[in-house]
Amino acid sequence: MHLTNVPPDWQAVLPATLTQPHYSELEVAVNQEQQNNTVFPPDHLIFKAFSLCPFAQVKVVILGQDPYHGPNQATGLAFSVPEGEPTPPSLRNIYQEIAADTGTPVPTSGNLTQWAEQGVLLLNTTLTVRQSDPGSHRGLGWEEFTDNVIMTISQHKQHVAFLLWGSHARSKRCLLDEQHHLILEAPHPSPLSAYRGFFGCRHFSKTNDFLQAHNQEPIDWAITPSRHN
């Protein structure tokens, strides 16, 4: 893994971030993990969220925590799985809320590439994980990197909707400029907490209302299964 794999447009807005010494340490730590363990997502997908959603196009940020830690699941996009893989429980609940909120039918595909291409940055705060060991790469240095990504978006863009689900994501609110962005908070969509306020939060229609109020195209939350394989 090399931070130079971050797409050039993102490198341009993160120069100080990528040249700090502790990011070299992060590279070394992740590369060592990759040599000694099975690490998800595969190396070429670690920065997929950034390549599919260029900095200039970011309109919405949805924060996750770790990538999925099972085989054939992690794609580099928070909450997303490859075409043909079963939809994970949290994503099923996200789909259920979208259907209730916007009337969009519940998709059969868990591939969220279509959202990313419309300007939704699906950002995990830790970008890698050891197989079958959730949370195993927290503390390696990813959090400093993704915190800087979040702050850069907040400081250098206008009218972005940040969707913060669960205590981990909500802890990032302090990094955001509340005067210039929409910040929406709710419990995590996990089956353990979705009924505590995620269902009924209406974050998806609220996001689109906000985007349209600021002369931006709304997000089409529908997923077309055959579009990406």
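Everything quoted here is computed from the prediction, not taken from an experiment.

**Considerations on the packing of aromatic side chains**
- Under the counting rule described, the total for this entry stands at 15 aromatic pairs.
- With a centroid separation of 6.2 Å and an interplanar angle of 75°, the aromatic rings of Tyr23 and Phe145 are classed as edge-to-face. With a gap of 122 residues between them, Tyr23 in helix H3 (residues 21-36) and Phe145 in helix H7 (residues 142-156) connect regions that are remote in the sequence.
- Centroid distance Phe47 to Phe145: 6.2 Å. Interplanar angle 70°. Geometry classified as edge-to-face. Of this pair, Phe47 sits in the loop between strand S1 (39-40) and helix H4 (48-52) while Phe145 sits in helix H7, and the two are 98 residues apart along the sequence. Residues Phe47 and Phe145 agree in their burial class; the two are buried.
- Put simply, the rings of Phe79, Trp115, Trp165, Tyr195, Phe198, Phe199, Phe204 and Trp221 touch in pairs and so form one group of aromatic residues.
- Across from the ring centre of Phe55, 5.1 Å away, lies the NZ or CZ of Lys157, which sits over that ring.

**Details of the sheet that holds strand S5 (residues 161-165)**
- Pairing within the open sheet is parallel, and its 4 strands lie in the order S3-S2-S5-S6. This sheet does not close on itself; its edge strands, each paired only once, are strand S3 (120-124) and strand S6 (182-186). The sheet shows a mean angle of 20° between the axes of neighbouring strands, taken without regard to direction.
- Summarising the sheet, strand S2 (residues 60-64) and S5 pair through 3 bridges and their orientation is parallel. When the sheet's bridge partners are listed, Val61 is paired in S5 with Phe162.
- With respect to the sheet, helix H9 (residues 203-213) is in contact with S2, S5 and S6, its orientation differing from that of S6 by roughly 175°.

What counts, and where the lines are drawn
Residues numbered from 1 in each chain as written. Predicted model: local features only at pLDDT ≥ 70, side-chain atom pairs only at ≥ 80, totals over all residues. Heavy atoms only, no water. Phe/Tyr/Trp six-rings, centres within 6.5 Å; stacked < 30°, edge-to-face > 60°. Helix = DSSP H or I, 4+ residues; strand = E, 2+ residues; numbered from the N terminus. Buried < 20%, exposed > 50% of the residue type's maximum accessible area, 1.4 Å probe, protein only. Lys NZ or Arg CZ within 6 Å of the ring centre and 35° of its normal. Pairing = 2+ DSSP bridges. Axes fitted to C-alpha atoms, helices over the stretch in contact; angles between N-to-C directions. Contact = heavy atoms within 4.5 Å.

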